[in-house]
Amino acid sequence: MKSLKYIITFFIPMLLLLTCSENQIDGERTGSINGKVVAQGTNTPLENVKISTNPATSTVFTDEEGNFVINNAIVETYAVQAELSSYVTAFESVTVIEDAAAVVSFELITSN
């Protein structure tokens, strides 16, 4: 009787503990945000525009053709901000999809 009680109180909980497992996520699902920034009215590409997101990802700057890329953005919806001195800061919403490029474009207005 004593050994049966010992088996029940020790071995069965250990057996349950050792046989339980969890499914682990290999990594987070990611995509990218690509875009272009131009001046409103002239469609002139704007260089060195600061691009940031909320929730935060990488902060990047546009190239000489006004293009930018934010890689490895976690799948979710972001508010993307484009900011350049002498222009009004602009915001756009974009949803990142796994293994795809979400595209956003900005036409910045000159500030007075």
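Residues numbered from 1 in each chain as written. Predicted model: local features only at pLDDT ≥ 70, side-chain atom pairs only at ≥ 80, totals over all residues. Heavy atoms only, no water.

**A look at the overall build of the chain**
The helix and strand tally for the chain stands at one helix and seven strands. Starting at the N terminus, the α and β elements of the chain follow one another as α-β-β-β-β-β-β-β. Per-residue burial over the chain gives 26% buried out of 112 residues. Pairs at least 24 apart in sequence give 52% of the contacts found in the chain among residues at least 6 apart. Of the roughly 8000 Å² of accessible surface on the chain, 53% is carried by carbon and sulfur atoms. (Helix = DSSP H or I, 4+ residues; strand = E, 2+ residues; numbered from the N terminus. Buried < 20%, exposed > 50% of the residue type's maximum accessible area, 1.4 Å probe, protein only. Contact = heavy atoms within 4.5 Å. Areas by Shrake-Rupley, 256 points an atom, 1.4 Å probe, with all protein chains shown as cover.)

**Focus on the nonpolar core**
Ranked by size, the top nonpolar core spans 21 residues in total, and within it I33, I51, F106 and L108 carry the most contacts. With four residues, the top contributor of residues to this core is strand β7 (residues 101-108). For L108, the residues in contact, after removing those within four places along its chain, are V37, V38, A39, Q40, L46, V49, A82, L84, Y87, V88 and A90. (Core = buried A, V, L, I, M, F, W, Y, C linked by side-chain atoms within 4.5 Å.)

**Things to note about the confidence of the model for the chain**
Regions with low pLDDT carry predicted coordinates that are not meant to be interpreted in detail. With 76% of its residues at a pLDDT of at least 70, the chain reaches an overall mean of 86. Considering each helix and strand of the chain separately, the mean pLDDT is smallest for helix α1 (residues 2-19), with a value of 60, and largest for strand β3 (residues 60-61), with 98. (pLDDT = per-residue confidence, 0-100.)

**Focus on the sheet that holds strand β4 (residues 67-74)**
Spatially, β4-β1-β7 is the arrangement adopted by the three strands of the open sheet, whose pairing is mixed. On the outer flanks of this sheet lie β4 and β7, each paired with one strand and no other. Adjacent strand axes in the sheet meet at a mean angle of 20°, parallel and antiparallel pairs treated alike. (Pairing = 2+ DSSP bridges. Axes fitted to C-alpha atoms, helices over the stretch in contact; angles between N-to-C directions.)

**A closer look at the pattern of salt bridges**
Evaluated as defined, the whole model comprises one salt bridge. Two residues, R29 and E98, come together in a salt bridge whose shortest N-O distance is 3.9 Å. With a gap of 69 residues between them, R29 in the loop between α1 and β1 (30-39) and E98 in the loop between β6 (90-95) and β7 connect regions that are remote in the sequence. (Salt bridge = Lys/Arg side-chain N within 4 Å of Asp/Glu carboxyl O.)

**Structural notes on the sheet that holds strand β5 (residues 77-83)**
Pairing between the strands of a sheet comes from backbone hydrogen bonds, and it takes one of two forms, parallel or antiparallel. Taken in spatial order, the four strands of this open sheet run β3-β2-β5-β6, and their pairing is antiparallel. Whereas interior strands pair on both sides, the edge strands pair on one side only; in this sheet they are β3 and β6. In this sheet, β6 lies alongside β5 in antiparallel orientation, the contact comprising six bridges. Within the sheet, the bridge partner assigned to T77 lies in β6 and is T95.

**As for the environment of A90**
Turning to its location among the elements, A90 is positioned in strand β6. As a C-alpha pair, A90 and I109 span 19 residues in sequence and 8.6 Å in three-dimensional space. For A90, the contacting residues outside a window of four places in its chain are V80, Q81, A82, F106 and L108.

**Points about the side chain of T53**
Position of T53 relative to the elements: it lies in strand β2 (residues 50-54). Among the polar contacts listed, one links the side chain of T53 to the side chain of T57, at a separation of 2.8 Å. When residues no more than four places from it in sequence are discounted, the contact partners of T53 are I33, I70, Y78, A79 and V80. (Polar contact = N/O pair within 3.5 Å; in protein donor to acceptor, adjacent residues only side chain to side chain.)

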